[in-house]
Amino acid sequence: MDNYIIQPQSGIRIDVRKGQRIEIIDVEGGQVADFFAEIKGTHDEYVSPSVTIDCNETIKIEVGSIIYSNQYKPMFRVESDDVGAHDLLFPSCSKNMYDFFYQNGLNHPNCLDNINHALGTERTIIQPINFFMNTVVDENGKIQIKKPLSKAGDRIVLMALVDCVLGISACSVSECDTNSGRCTAIAVKIR
Ligand SMILES: [Zn+2]
């Protein structure tokens, strides 16, 4: 088993093989993990939340859910989940997002840069699976970001269905409830 710690407001690259289990652990609780992945050997096929919504016919991720690529290929299956609230709607935080909402993007750590750096890419936007992010949509379509429901040590476990390269970031938003107002670490175990 390989153990990784993603320090607060930073990102990591992890190569995984088909059949391996990926445990993503909220170390202290209340922290979002931006999860992105490419099919091994290409930058052109990668995790797609919108395709995942399309294929699963839901905006929720739960045990048994498949996470699909932008080319409609199954990439991961959810094996277990301690939390039950994850987000498929929001892009990774970025300099532009911090500028838009808080006018503080310059030199602010952000998940877009963290994941691009991890994967050696220069994407202008990344749409990840935001594990532990607690997005609530009301009947009028209004969206609220609430504090994550995850407690210390809570985890979600995925099975890799293809060889792939993960780019995961411990989200760096401290300005609102996304990460409960403080940024903490994410642990990852591969087995
Ligand atoms: Zn972020």
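Residues numbered from 1 in each chain as written. Predicted model: local features only at pLDDT ≥ 70, side-chain atom pairs only at ≥ 80, totals over all residues. Heavy atoms only, no water.

I would appreciate a short explanation of the overall build of the protein in the present structure.
Assigned secondary structure in the protein consists of three helices and twelve strands. In terms of C-alpha radius of gyration, the protein reaches 15 Å, essentially the compact-globule figure of 16 Å for 191 residues. Overall, the protein is about 40 × 35 × 30 Å in size when its C-alpha atoms are taken along their principal axes. Counting over 191 residues, the protein shows a buried share of 50%. Residue pairs in contact within the protein that sit at least 24 positions apart in sequence constitute 75% of those at least 6 positions apart. Positive and negative side-chain charges of the protein, numbering 18 and 25 respectively, have mean locations separated by a distance of 5 Å. (Helix = DSSP H or I, 4+ residues; strand = E, 2+ residues; numbered from the N terminus. Rg over C-alpha atoms; globule rule 2.2 N^0.38 Å. Buried < 20%, exposed > 50% of the residue type's maximum accessible area, 1.4 Å probe, protein only. Contact = heavy atoms within 4.5 Å. Lys, Arg positive; Asp, Glu negative; His and termini not counted. Charge placed at Lys NZ, Arg CZ, Asp CG, Glu CD.)

Explain the sheet that holds strand β2 (residues 11–16) here, please?
By definition, the strands of a sheet pair up through backbone hydrogen bonds, in either a parallel or an antiparallel sense. Strand order in the open sheet made by the four strands is β2-β11-β4-β7, with antiparallel pairing throughout. Looking at which strands have only one partner, the edges of the open sheet turn out to be β2 and β7 (129–131). The mean inter-strand angle of the sheet, taken between neighbouring strand axes irrespective of direction, is 25 degrees. Where strand β4 (residues 33–39) lies against β7, three bridges are found, and the strand directions are antiparallel. Its bridge partner being in β7, Phe 35 is matched across the sheet by Ile 129. (Pairing = 2+ DSSP bridges. Axes fitted to C-alpha atoms, helices over the stretch in contact; angles between N-to-C directions.)

Is there a simple way to explain the nonpolar core in this structure?
Note on soluble globular proteins: their nonpolar side chains tend to be buried together. Counting 38 residues, the largest nonpolar core has Ile 22, Ile 24, Phe 35, Phe 76, Phe 131, Leu 158 and Leu 166 as its most contacted members. If you look at the next biggest cluster of nonpolar residues, it comprises seven residues, including Cys 93, Cys 111, Cys 171 and Val 173. (Core = buried A, V, L, I, M, F, W, Y, C linked by side-chain atoms within 4.5 Å.)

When you look at the side chain of Ser 92 in this model, what are you seeing that I'm missing?
Assignment of secondary structure puts Ser 92 in the loop between β6 (74–81) and α2 (95–102). Among the polar contacts listed, one links the side chain of Ser 92 to the side chain of Asp 34, at a separation of 3.0 Å. (Polar contact = N/O pair within 3.5 Å; in protein donor to acceptor, adjacent residues only side chain to side chain.)

Got a minute to help me understand the sheet that holds strand β12 (residues 186–190) in this structure?
Taking strand neighbours across the sheet as the criterion, the six strands line up as β1-β12-β3-β10-β6-β5 in an open arrangement whose pairing is antiparallel. Every other strand in the sheet has two partners, leaving β1 (2–6) and β5 (66–68) as the edge strands with one partner each. Strand after strand, the sheet turns through a mean of 25 degrees between neighbouring axes, direction not considered. Here five bridges tie β6 to strand β10 (residues 154–160), and the two strands are oriented antiparallel to one another. Within β10, the residue paired with Arg 77 across the bridge is Met 159.

Help me understand the packing of aromatic side chains in this model?
Applying the stated rule across the entire model yields five aromatic pairs. Between Phe 35 and Phe 131, the ring centres sit 5.3 Å apart and the planes meet at 55 degrees, which makes this aromatic pair tilted. Of this pair, Phe 35 sits in strand β4 while Phe 131 is found in strand β7, placing the two residues 96 residues apart along the sequence. Take Phe 35 and Phe 131: they sit in the same class, and that class is buried. (Phe/Tyr/Trp six-rings, centres within 6.5 Å; stacked < 30°, edge-to-face > 60°.)

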